[in-house]
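Residue-level structural notes
This is what each chain is made of:
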Amino acid sequence: MRDALLAEWRASSRRAGLSDLELDELQDHLESALDASLEAAVPMPKAWAEACARLGRARELEAEFLKLQPTMHPISKLLGVSLSVTLCVLVASPSASIVGLIHPPSLLLVVGLVTIGLLAGHGPRAVADALASGLDRGARPAATNSASQRAVARHGHRLAWAAGVLGVILGTITCLQELTDPSALGAGLATALMSLLYAAMLAELGFANLAQWLERAHARTPAPGGEAA
Amino acid sequence: MAAPPLVAASTVPLLLSLLAAGESYGYALIQRVQLLSGGRLEWSEGTLYPVLHRLEREGWITSRWGQSPEGRKRKYYTLTAEGRRQSGRCREDWEAVDRALRSAWEAALA
């Protein structure tokens, strides 16, 4: 019964985002509390419920581990917002053009917004660590950075889609401004469609892939001297 | 039960002081602080580990994986030289607060 409960607890905690190294440490705590209750003649179901309640829910624990990420100075965040607004203004220019599949304004909008958002939210070191993990598939992410690296990947996925939607909105606005001149509609339409294309590629081929790899890498990271879960 | 802001403020000084006495692990640290405070200081168990990890990242403590007497994997924490220096600074600060409070209470009773 105990092993089954522990296996279920580990599985649900892993789904909530905790790594195996974090779970190994928490499991020792959980079992120590459980043993103390059992020694005091508390029945197993009650002892288990109390030990779990004291330790906290998996998502709350994950949130606490995520708080370990470095926070950025307010001036950096302000700079990020200013740069984002500047990008939007640049892209909204009706002089934008389409050259094959490369559309610099859309590319600049999507990549620029995602980069600024990640740097402002997580700091250069966490972003560099996450991207380095993604590029070097043979390496295992450091346990102490696990939560921050996964947060960068998840945030990057959301930011990419948000940048794509923003590109669609800005492109549509440009189109609506040029309704009287059909020859000028192309620029706005290009921004809208190309932004969405770049966003989809960056979110699904880039960040979703990175997040999935990080999750798998953490799931197989063994504790020093121990075996992988 | 002590007020949450006081519990939060005293967490790092207490952790450093407890580890200054020797190597320990999460569950034992919580039990020890409950015992020392007569149950008035109760740490949130889910938040202790992130604090320990932060102190480790700052180089104030180090950790190693070992085995409990029951055979489980257990992570033990030890104070570093820098942690010992920080512990000394914390002690000076808290002693200053303690002296100021005692003086204020004595003046109020006089």
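Residues numbered from 1 in each chain as written. Chains lettered and ligands numbered in written order. Predicted model: local features only at pLDDT ≥ 70, side-chain atom pairs only at ≥ 80, totals over all residues.

A short note on the overall build of chain B
Broken down by element type, chain B carries 4 helices and 2 strands. If you list the helices and strands of chain B from N to C, you get α-α-α-β-β-α. Of the contacts made within chain B by residues no fewer than 6 positions apart, 48% connect residues no fewer than 24 positions apart. (Helix = DSSP H or I, 4+ residues; strand = E, 2+ residues; numbered from the N terminus. Contact = placed C-beta atoms within 7 Å.)

Structural notes on the environment of A:Phe207
All names here are of chain A. Within the fold, Phe-207 resides in helix H9 (residues 185-219). Under the C-beta neighbour-count criterion, Phe-207 is labelled buried, with 24 such atoms within 10 Å. In this structure the C-alpha to C-alpha distance between Phe-207 and Ala-160, which are 47 residues apart in sequence, comes to 8.5 Å. Filtering out sequence-adjacent residues up to four positions away, Phe-207 remains in contact with Ala-153, Gly-156, His-157, Ala-160 and Leu-202. (Buried ≥ 20, exposed ≤ 12 C-beta atoms within 10 Å, placed from the backbone.)

Details of the nonpolar core
Within the largest apolar cluster, 27 residues are counted, with the highest numbers of intra-cluster contacts made by A:Val110, A:Val114, A:Ala160, A:Ala163 and A:Leu202. Those elements that place two or more of their residues in this core are helix H6 (104-122), helix H7 (124-135), helix H8 (146-177) and H9 of chain A. In terms of residue count, H9(A) provides more of this core than any other element does, 11 residues in total. Look past the residues within four positions of A:Ala160 in its chain and what remains in contact with it is A:Val110, A:Val114, A:Ala199, A:Leu202, A:Ala203 and A:Phe207. Membership of the second largest hydrophobic core comes to 25 residues, among which are A:Leu30, B:Tyr27, B:Tyr77 and B:Leu79. (Core = buried A, V, L, I, M, F, W, Y, C linked by C-beta atoms within 7 Å.)

Focus on the confidence of the model for chain B
Residues and elements named next belong to chain B. Put simply, chain B has an average pLDDT of 88, and 100% of its residues get 70 or more. The element-level mean pLDDT for chain B is lowest in helix H3 (residues 45-57), coming to 82, with strand S2 (residues 73-79) highest at 93. Across the assembled chains, the prediction reports ipTM 0.80 with pTM 0.53. (pLDDT = per-residue confidence, 0-100.)

Some thoughts on the environment of B:Met1
Residues and elements named next belong to chain B. Relative to the assigned elements, Met-1 resides in the segment before helix H1 (4-20). Among the residues examined, Met-1 registers 9 C-beta atoms within 10 Å and is labelled exposed. For Met-1 and Glu-42, which are 41 residues apart along the polypeptide, the C-alpha to C-alpha distance reads 7.4 Å. Other than its neighbours up to four places away in sequence, Met-1 contacts Arg-40 and Glu-42.

Re the packing of H1(B) against helix H2 (residues 26-36) of chain B
Residue and element names in this part refer to chain B. Close contact between H1 and H2 brings their axes to 11 Å; oriented N to C, the two are set at 105 degrees. With respect to their mutual orientation, H1 and H2 come out roughly perpendicular. Contacts from Leu-14, Leu-15 and Leu-18 in H1 reach Leu-29, Arg-32 and Val-33 in H2. Taken together, the residues that form the contact of H1 with H2 break down as 5 nonpolar, no polar and 1 charged. (Axes fitted to C-alpha atoms, helices over the stretch in contact; angles between N-to-C directions. Parallel < 35°, antiparallel > 145°, perpendicular 65-115°, else oblique. Nonpolar A, V, L, I, M, F, W, Y, C, P; charged D, E, K, R; others polar.)

Topic: the confidence of the model for chain A
Across chain A, pLDDT averages 76, with 68% of residues at or above 70. A low-confidence stretch, residues 221-229 of chain A stays under pLDDT 50, and its non-local contacts, those more than four residues away or across chains, total 21 contacts.

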